[in-house]
Structures are given as structure tokens and as C-alpha cells.
Amino acid sequence: MYATDASLHRAVPLGVAFPFDIDDVRAIVRFANEEDTPLIARGAGTSTTGAALGPGLIVDFSRHMRRMLSRDDEYVDVEPGVVLSELNRQLRSTGHRFGPDPANAAVTTVGGMIGVNSSGSRSIAVGDVRRHTARTNVVLSDAEVLRTGADRSDDGGQHHSASGIVTRMESLLGERQELIERLQPQRERDSCGYFLRLKTTGGPIDLTPLLVGSEGTLGLLTQARLRIEPIPPHSAVSLVLFESLDDALAAAVCAADFPISACDLFDRRHLSLVRETEIQFEKLVPRAAGAALLIETEGEEAGDVGRRMADVLHAIEDVAATADVAAQAVSGSKTALSVDDLWSIPRKIIPRLTRLGGERRPVPIVEDIAVPPAALRDFVRNAQNVFQRYEVTATMYAHAAHGQIHFRPFLPGPGPERDRLLEAIPRDLYAVAIRHGGVISGEHGDGLSRSAFLRTQHGELYRVFREVKDIFDPHNLMNPGKIVTDDPHVTIRRLRQSVDSEALPQLQLRWSAPTATQVAADCNGCGNCKSRSDAGRMCPVFRADPAEASSPRSKANVFESFLRGDVTATDLASPAGRDLTDRCFQCLQCRSECPANVDIPSLVIEAKAAQIAVDGAAWPDWALSRVHGIGDLATATAFLSNPLLANSTVRWMLERTLGISRHRNLPRFARRPFLRIVPRKNREQATKSGDDFAAAYFVDQFANFFEPEIGLDLLRLLDAVGVRCVVPAGQTASGSAMLAIGDIEGARTLADQNVRVLGPLARRGLPIICTEPSALISLKEEYPRLLDHPDVAVIAKHAVDAGVFLREYGDQLSRLNSDSLLDTTIAHHEPCHSRTLQTQRPYVDLLRYLGSNKVEAIDEGCSGMAGTYGLTARNYDSSLAIGRPLIQRLKSGAFDVGTSECSACRMQMGHRSGLKAVHPIRLLARSLPSR
Ligand SMILES: Cc1cc2nc3c(=O)[nH]c(=O)nc-3n(C[C@H](O)[C@H](O)[C@H](O)COP(=O)(O)OP(=O)(O)OC[C@H]3O[C@@H](n4cnc5c(N)ncnc54)[C@H](O)[C@@H]3O)c2cc1C
Ligand code: SF4
Ligand code: SF4
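Quantities reported herein were computed from a predicted structural model and do not represent experimental measurements. The numbers attached to residues start from 1 for each chain and follow its sequence in the written order. Each chain is given a letter, starting from A, and each ligand a number, starting from 1, according to the order in which they appear as written. Local features in a predicted model are, by the rule used here, given only for residues with pLDDT of at least 70; side-chain atom pairs are given and counted only at 80 or more, and totals for whole chains, interfaces and linings are based on all residues. Excluding hydrogens and water, the side-chain values take into account all heavy atoms of the structure.

Student: Honestly, the overall build of the protein chain in this entry has me stumped. Any pointers?
Tutor: In this text, helices come from DSSP runs of H or I with a minimum length of four residues, and strands from runs of E with a minimum of two, each type numbered from the N-terminal end. When its secondary structure is counted, the protein chain shows 43 helices and 26 strands. Taken against the 2.2 N^0.38 rule, which gives 30 Å for 931 residues, the C-alpha radius of gyration of the protein chain at 30 Å falls within 12% of a compact globule. C-alpha extents for the protein chain along the principal axes are approximately 95 × 65 × 55 Å. With a 1.4 Å probe rolled over the protein chains alone, any residue whose accessible area is under 20% of its type maximum counts as buried; one over 50% counts as exposed, and the rest are partly exposed. Within the protein chain, the proportion of its 931 residues that are buried is 60%. A sequence separation of at least 24 residues applies to 75% of the contacts in the protein chain between residues at least 6 apart. Total accessible area on the protein chain is roughly 35900 Å²; 50% of this is exposed by carbon and sulfur atoms. Considering the protein chain, the positive charge centre built from 107 side chains and the negative charge centre built from 114 side chains are found 6 Å apart. Only C-alpha atoms enter the radius of gyration, while the globule expectation follows 2.2 Å times N to the 0.38, with N the number of residues. Only heavy atoms matter for contacts: two residues are in contact if any of them lie within 4.5 Å across the pair. Accessibility throughout is a Shrake-Rupley quantity obtained with a 1.4 Å probe, and a residue counts as covered only by protein chains that appear here. Positive charges are assigned to Lys and Arg, negative charges to Asp and Glu, while His and the chain termini are left out of the count. Lys charges are placed at NZ, Arg charges at CZ, Asp charges at CG and Glu charges at CD.

Dropping the structure here:
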């Protein structure tokens, strides 16, 4: 899980520690000393340089040490695991923010930002993390605590005493002052090596700026005091297109002379990704555009920011004739695109970069060069010569007005040629950057990728770096090999290699293109799936318990290790392996929202199948995935089974044997399954040839065994719009419940039966209608992974959500409009699977067509029920934690009824909210004339 980050590197750690507080951290350091074990501090693990990787003990600060401790109008005290966007969300309540704004703010931690001295698009106005860090508390390699900070009057002045470090640093810096001033000049952007320009006069030395950017090599940060600032009330943002990259560079250099707060540059390839992200951007950015700038001005007065923006744009037109303002937004004003819409561009496309390319992929290896803005154009021209020399092309994204350039060259996959280029290109490119007065790292740090090149950057000063390291960490326990290293080839020493496709374990799903190996390799470690921002829905499990093991990324990592043979099926079946896979309930949100579209859910199914192959399915999982097997009997004896299921002793026994939580209200079995009460006219025998039917209904087991009225109402609605629908006999449960527990063979048997029944209908062009999203997912996405049958693709093509199908008949349905829904306030919850299928909430439209003027699409995230996940006692609490926002909203008293097409979501919606939740088909059918 912790072997990779967002870099090219891979290092399997010895273990992971999750400290709760500073005492834990000190205990961990004492242990490391006793065992002579290196310690690698880690935040979100999104370093692009491998800075948080190593073969020692990882100290994961992101799990428990994520508290905001105190704040006033100037400072905030935080623990290192606080995520930037969560910090800013809290600060926003008083109109403040922490200024540095890396593009992955939704994920990155304060500790990681301090570790590498991050910055972001607004760095030209707000500067880097170093400028914003006032104090730190750091546990040193001897487990002593060092407290740094210029002003420590409020804590009794107990600063800097630890280990005599301050005194020794004062004398070292005094001795090396000339060297430092000559070889580490003051720069706007600098995240390489140790920062040694510390104030050595006027009181005790403050080591804070040195610790910022030290990448966990000098100590473990346990607390920091950060400077915060008021959020400027007004901002204006413009997206300006250019025909060529050079024009855009000229414009950026020009813009740098104005009081702007940001100026990001996107090259042609980035613009192709911009077009891909959203329709509105596709229209905005023509294919001919060669580059673009996103420029921002911020300020106190609305008029000022607008005027300043107009001045910048005017000046740009003079230096770049092809400049074309494609979009403009001003905060607080109504424009086609808002300020946030425009800022979503870099946030969305940066993690998507890995989608570009085929055999050759854009890789982060020289992704962080910064040069003085005046040298930008010349440097880029010379950099392109270097790429040409090695016959590679590269993407370029830049915080252009302050000369920060993120190149990503397209390199071949793992192998000797890639390794050669990974050393040769940086060597030549860094030489050019340094010649132009630049640095090899402006905001991402050195890590494994760049530490070998620090001598090129700093020359003799590198010796002083080593002396600093010796003072702080004489036994080289703290993140060894980063910044100070003796290994000239550290860049290529620990690279993530390809999986040997000849030696794969037995897999059970059908993996054609892409193969399981490709899918796992597609995860670039960007960490986007650890976001808890309101803008998305992945990953519900991580949101409720933000541990690395809950993240989709952890599944890709462990599965890749399984493919490599580093993790065996027995390991997967161990309690730790099961704990990992249990933290996924197949909501599919990660697959839709992951910028690289990594199919994590299928990897998890395959991992669960490997567990079953070792020691079978857990009995409760096995039983719960086979409700269809007892459905006929349970319905036939509903007069007995329903009272029994309501009996507290029976529920207690069910919890003990099947693990079904006794706190859940179970649905009642119907007296007869839907498939036994299908109206005669909807049976296949109703017509001689069957050709009269215009659609077919694939019934799910909930509608079949628990609420046949859903199916009956669907048939009535279809009748009302003149669609004759057949309910094919011989169909069975979709098998999704089996698949979710990894019982691939069981699911395949059911899929095979359904494909035989539905195939001939689909081949005749009949839409296959589903009222349950998981059944639709089975037909569209799961069966192709299960079966090699020609009808599978045809069925997938014709499978359709009932709401989507009915929406096509909106006009006819509107005519049925009655008063039955008029006074009902309806809350509609969109299930995760419908979201994945992008059905676009058809039931909200339908309810409106049929007379409801009080239907609201509420978006409170995943319900947390996820099939049978939330039914079990072991997941009951986490299921409720995930579904809490939804339940709270329903409890607000604003609604009369809840609706959702997913049966599991409805169960959660009705749980403790005091509201009844129904399938929207049932509400729609109320408008029909009574039978
Ligand atoms: C999609 C994407 C976009 C990015 N955009 C930007 C950007 O705009 N600007 C930018 O600057 N960077 C950017 N980055 C790079 C990187 O994410 C950031 O630099 C980030 O700040 C790292 O934070 P993290 O929490 O992931 O730290 P990690 O990767 O976990 O760690 C980074 C370093 O900090 C050290 N560290 C972490 N916690 C501690 C601690 N408690 N004590 C001591 N050392 C510690 C680690 O040992 C490591 O050396 C981006 C990365 C990605 C994948
Ligand atoms: S699964 Fe996707 S979002 Fe998560 S780390 Fe991998 S590539 Fe990034
Ligand atoms: S499928 Fe859902 S629960 Fe599973 S990893 Fe992806 S987002 Fe998380």
C-alpha cells in the first residue's frame, strides 16, 4: 500500500506506524534507534519525486494527526496530517485562507507541503509554504523535541535547546556564510536542497525555514504554526487562447509585470484534455488553439480587479497578436463560466495527464524546473532542443508568470532505454536551467528523482548539506537517501517496474484489453481518490475513514503486488487482506472519477476471488449473496417468514449466524414473486412470434421477491405510453451480489442463464429495461467481464434504465398529469450506480412531467448501504457514518417522501430518518387511471 506515490518510484517499506500524538512519534523514533530502522514521514503520499518512499518504517501522519489545534486572525496551529482543503474550509468561515495553493489541495497534507516547500498557481502573489510557516515542532532523530520559530515569547522561550542543534547550526552557518550567499542566492522559487539562508544576526537563529523543504530528512514534524491571510473579496479570471506556445510565453512574461495573482499556462496537449473534461470546455477551446493562459487578479474592490485585468489583457495583445480571450469571469457576477469553473481547469487536467500517450507516457522526472520569468522564453526554446536531441516530446504546464515549469516528457515503458533517458534528460535539461539562473526544483522537492542532481545545482554547497544532515541526523535514520545521498544513480535505483506478464497468478475475470496488469499499472498514485471534497463522490469508504487502506489507490497497489507475486493469495485471504478488500463495496465511483479511469472495483473482485480460492467465502457473505436461492420458498411461506424476521430472538440469531445487523429493518417478502404473477399479456406466450413486443423487462431480485409492485407499475406505465413489454421467463438474479463477494463462478452461472434468455431479445433490437441500477450495471458492465459470448455485447448495448427509457415518452406522460403528486414534497436520491451510468436523474424529470412541482434532487453522497454491505453487523456503523449526511437531510422535515431507484439506498433512506422511501416508479404509477 505504501510502496508507491505519484512518482515513478517504488520501494516496499518494512512497516507502517500511525501516531496519534507527539508521544507516539517520540516512541517510534526511540524504536527506530533501537532497531536501527530508517523512518520515512508521510502525508498524503502524492510526492512526484518519491520523497515519501523507502524501505524503512513509514510514519503515516495523515491518519490520526489531522487536527486543527487553535487559530486567531493571523495564525493557525495544525498537526501535519491536516488536508489543505479541509483546513481552508474551516478558515473560510472567518474569511481566511492558507495562501499556498497546490493543484491537489483536496488531498495534500500540511506536513507534506512543509516537507517539500509546496506552492501553487497563486505563488506569484502569496509565495511558498516557507514564507507562511512561522513555527514548527519537530521530533529529532534522538527523540528530543525541537521547537523552532522567531517569536516564541508565549511559550517561555524554551526554543531550540534540543540536542544543542541550534548552537551547532549557528556555528556551521557562520563558517559557511560566504559559500551560502554565493551558491544559494535569494530566489522566488526554491525547493531544492536545504535552505540555508537563515538569519544569523539579531537573536537566536530560527531554523523554521530550513525545516521547510527538508523532506523529513532532519526530523518528524508534529505541529506547525502557519500564517493565514484574509481571502481577497474580489477576483477576476480570464482564459486567453494563443495560436502558439511562444505567443503564450511572451504574454506570460508581459503579464508578470502587472499585479496579477496567478498566470497558468497550458500547452496544446493540456488543451486537448481540457476539451475532454466537460462539454462547456469543449466548446470553449477550439482544436486550433496552441496554448492558453489562465490569468487571475484579486483585490479589495470589484472595480479594481476588473480594471487590472483589462490592463493586463490590453498589454498582452501588444506582445502576442494571436491572443483571444475565450472566457472571463468576475466573482459575484453572473457569467457563462464562474471563477470556480475556470479554476477547475488545472485541478481537473493535471491528474489526467497520464491518459495521454500510448506506448510512451508523460512521466514526472523533470517536472519542477523554475527559471526567472525574464528567461522563460529562451529557456523553453533551449529545453525543446534537449528533448529533440533525445527524440522525445514533452507536455508543458506552467505557473508561467513566476517561471515555474512542469514538463513531462513522453518516455517508453520500463526498460533500459527508459532508464537511460531518466538520467540523461535531467542531466542536460538541468544544465540548461541552471545556465538560465533557474533551479531544478521550484515546488515539488528532490526526493529520489532529483537528489542525485543537487551537486549540479549547488556545487560545493552540497558539502554543507551533508554537514547539516550530520548535525540533525548522525545515524542517517530520517528518510535516508533524499537530499543527501552518495548514490549517483539514486534516480533509477528504485523504479516501478513492469509486471512480468508470463508469471501472473490465475485470474478469474475476463481481462482482455486492458489487461489486469495494465489496469493496475494505470494507477499513477496521484491520490485524487483520497479527496473528500463535495465536488465528487469517490470514495465513500475513504470519506468515512480516511486511512490509506480505505483508498482506492491502496487496492491498485496491493493488487499490483499480487500480480508481481510479492503478495500471495494466502496473504490476500489473511485478516489484513480481507480488511483491505472489505473496504470496497463496489459503488464504482472511483472508476468514474479517477482521472486515469482505473477499474479498481474489478481489481477488488479479482482479489476477493483469490481469497475464496484459498479458503472459501465467509459464510454470511455466501448466504447473503444467495437470497435468490431461497426467494421462492420464503415468498411461499411469507405468512411465516415475515413474522419470524420481525421477531427479536430470530434477529439476534440471524446476527450471530449470518451477521445481519439486528438494528436493520428488513424488507418483507412478498406473498408471490413477481415472476409468478406477470400479467398474461406480458408473457412471451402472449404472441405467437413474440414480434409484437417493443421492450423486455429484466427484473431484479428485490422487485421479484420483495416488492413485485415495482414491476407491475412499470408494466402499467409502459402500457400507458403504448410500449408492449415482455417479461422473459427463465431469467434469474443478476449475480451482482455474488460478484461483489468475489464468487465469480457463481455469478458467471447466473450471467450465463440470463444471457441465454435475454440474448435473442436484444438481438431483435428490444431494449432490456431495468428498474434496479445494480441489475443494469450487471448487463452493461459486469457480464462482459464474466462471459465470452457474442450476445453479451448486444445485451450491454440494449440494456437501459427504466427512467431513461420512460423519459423518452415525456410528452405522453405529461398528458397523464394528475393531481396525485401535487402536494407531495419529494426528495430524490441518485444512487451511485446510476451516477456511474450517467443516467442524469431521469426520475426527477418524470416526476415533474407527471405533476410534481415539489421534487428536489438532493446530493448528499453515497447512501452507504451498497447492496448487502450495510446490512451486516460488522459494517453497520460505517454504513451509517457514510449515509449520515443523506439521513440527516431527509430528517430535516422538509420532505414528505424519499425516492430512489436503488433498493439498498431506499433501505438506508428509511432508516432512522422517519421518512418512507419508495421507488419512483411507484410514485409515477399513482398518476395512472386506477386499474
Ligand atoms: C496531481 C498532482 C498535482 C500536484 N500539484 C502540485 C502543485 O500545484 N504544487 C506543488 O507544490 N506540488 C504539487 N504536487 C506535488 C505534491 O503533491 C505536493 O508537493 C504535496 O505538497 C505533497 O504532499 P503530501 O501530503 O502528499 O506529502 P507526501 O508525498 O506524503 O510527502 C512529501 C514529503 O514531505 C515529507 N513529510 C510529510 N509529512 C511529514 C512530517 N510530518 N514530518 C516531516 N516530513 C514530512 C515526506 O517525508 C516527503 O519527503 C502535485 C502532485 C500531484 C500528484
Ligand atoms: S486510483 Fe486513480 S485517483 Fe487513485 S491514485 Fe490511482 S490514478 Fe489516482
Ligand atoms: S468502488 Fe466505491 S467503495 Fe470501492 S474503492 Fe471505488 S469508490 Fe471506494
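Student: Looking at this model, I keep getting lost on a nonpolar patch on the surface. Mind explaining?
Tutor: Residues Phe 639, Leu 640 and Leu 644 make up a contiguous nonpolar surface patch of roughly 330 Å² in combined accessible area. Relative to the assigned elements, Leu 644 resides in helix H29 (residues 638–646). Patch definition: residues above 30% relative accessible area lacking any salt bridge, with like charges linked at up to 9 Å and the nonpolar side chains Val, Leu, Ile, Met, Phe, Trp and Tyr linked at up to 5 Å. Basic side-chain nitrogens of Lys or Arg form a salt bridge, by our definition, when they fall within 4 Å of a carboxyl oxygen of Asp or Glu.

Student: How should I be thinking about the sheet that holds strand S3 (residues 57–60) in this particular structure?
Tutor: Backbone hydrogen bonds are what pair the strands of a sheet, in a parallel or an antiparallel way. The 3 strands are arranged S1-S3-S2 in an open sheet whose pairing can be described as parallel. Strand pairing shows two members of the sheet lacking a second neighbour, strand S1 (15–17) and strand S2 (39–42), which therefore form its edges. Shown here is a sheet whose adjacent strand axes are inclined to one another by a mean of 30 degrees, direction ignored. Note on pairing: two strands pair once DSSP finds at least 2 bridges between them. Convention adopted: a line fitted to C-alpha atoms gives each axis, helices being fitted over their contacting stretch, and angles between N-to-C directions are expressed from 0 to 180 degrees.

Student: Which parts of the structure should I look at to understand the site of ligand 1?
Tutor: We call a residue near a given molecule or strand whenever any one of its heavy atoms falls within 4 Å of it. If you check the shell around ligand 1, you find 34 residues, and the closest are Ala 41, Gly 43, Thr 46, Thr 109 and Ser 119. Two N or O atoms count as a polar contact when they lie within 3.5 Å, although within protein this holds only if one can serve as hydrogen donor and the other as acceptor, and sequence-adjacent residues are included solely when both atoms are side-chain atoms. In the environment of ligand 1, an oxygen atom lies 2.8 Å from a nitrogen or oxygen atom belonging to the side chain of Asn 104. In this structure, a nitrogen atom belonging to ligand 1 sits 2.9 Å away from a main-chain N or O atom of Leu 221. Out of a free accessible area of 970 Å², ligand 1 has 97% covered by protein chains. Counting residues per element, the ones that place at least two in the shell around ligand 1 are S2, helix H3 (110–116) and strand S9 (220–227). The nonpolar class holds Ala, Val, Leu, Ile, Met, Phe, Trp, Tyr, Cys and Pro. Asp, Glu, Lys and Arg form the charged class, and all remaining residues, Gly among them, are polar. For the shell around ligand 1, a count of residues per class yields 14 nonpolar, 17 polar and 3 charged.

Student: So what exactly am I meant to see when it comes to the pattern of salt bridges here?
Tutor: Pairing of side chains with opposite charge becomes possible as their charged atoms draw close. Tallying each qualifying case throughout the model produces 61 salt bridges. Glu 144 is the salt-bridge partner of Arg 26, the closest N and O atoms lying 4.0 Å from each other. With Arg 26 in helix H1 (residues 22–35) and Glu 144 in the loop between strand S7 (133–139) and strand S8 (145–149), the pair connects residues that are 118 residues apart, well separated along the chain. By relative accessible area, Glu 144 is classed as partly exposed at 37%.

Student: I would appreciate a short explanation of the packing of helix H9 (residues 245–255) against helix H12 (residues 302–319) in the present structure.
Tutor: Two numbers describe a pair of packed helices, the interaxial angle and the distance between the axes. Contact pair H9 / H12: the axes reach a minimum separation of 9 Å and the direction vectors enclose 135 degrees. Taken together, the axes of H9 and H12 are oblique relative to one another. Relative to H12, H9 is oriented so that their crossing is right-handed. Seen from H9, the contacting residues are Ala 250, Ala 251, Cys 254 and Ala 255; seen from H12, they are Val 312, Ala 315, Ile 316 and Val 319. Orientation is classified from the angle alone, with under 35 degrees giving roughly parallel, over 145 giving roughly antiparallel, 65 to 115 giving roughly perpendicular, and any other angle giving oblique. Crossing handedness is read from the near helix: turned anticlockwise from the far helix by less than a right angle, it gives a left-handed crossing, and turned clockwise, a right-handed one.

Student: Help me out: how do you make sense of the site of ligand 3 in this one?
Tutor: Residues in contact with ligand 3, as listed here, are Cys 539, Pro 540, Val 541, Pro 552, Cys 584, Phe 585, Gln 586, Cys 587, Leu 588, Cys 590 and Pro 601. Counted by class, the shell around ligand 3 contains 10 nonpolar, 1 polar and no charged residues.

Student: Looking at this structure, I do not really get the sheet that holds S7. What am I missing?
Tutor: Taken in spatial order, the 5 strands of this open sheet run S4-S5-S9-S7-S8, and their pairing is antiparallel. Edge positions in the sheet fall to strand S4 (68–71) and S8, since each has one partner strand and no second. If you compare each strand with its neighbour and ignore which way they point, the axes differ by 15 degrees on average. With 6 bridges connecting them, S7 and S9 associate as antiparallel partners. Its bridge partner being in S9, Val 139 is matched across the sheet by Leu 220. Set on the sheet, helix H2 (residues 84–92) makes contact with S4, strand S5 (75–78) and S9; between it and S4 the angle comes to about 35 degrees.

Student: Honestly, the confidence of the model for the protein chain in this entry has me stumped. Any pointers?
Tutor: The predicted coordinates of low-pLDDT regions are not to be read in fine detail. Overall, the predicted model of the protein chain reaches an average pLDDT of 93, with 97% of residues at or above 70. Per-residue confidence from the prediction method is given by pLDDT, with values spanning 0 to 100. Every residue in residues 156–160 scores below 50 in pLDDT, and together they form 14 contacts with partners more than four places removed in sequence or on other chains.

Student: Would you take a moment to explain the environment of Ser 119 for this structure?
Tutor: Tracing the backbone shows Ser 119 in the loop between H3 and helix H4 (123–126). Within the structure, Ser 119 has its side chain in polar contact with the side chain of Glu 443 (distance 2.8 Å).

Student: Just checking my understanding: could you explain the nonpolar core for this structure?
Tutor: Most often, soluble globular proteins keep nonpolar side chains buried together rather than apart. Among the nonpolar cores identified, the biggest contains 105 residues, and Met 169, Leu 196, Leu 207, Leu 210, Phe 379, Val 468 and Phe 472 are the most heavily contacted of them. Broken down by element, this core gets its largest block of residues, 8 residues, from helix H15 (residues 416–435). Put simply, a nonpolar core is a bunch of buried Ala, Val, Leu, Ile, Met, Phe, Trp, Tyr and Cys residues held in one set by side-chain atoms that sit within 4.5 Å of each other. Counting 70 residues, the second largest nonpolar core, distinct from the first, contains Trp 511, Val 558, Leu 580 and Cys 590.

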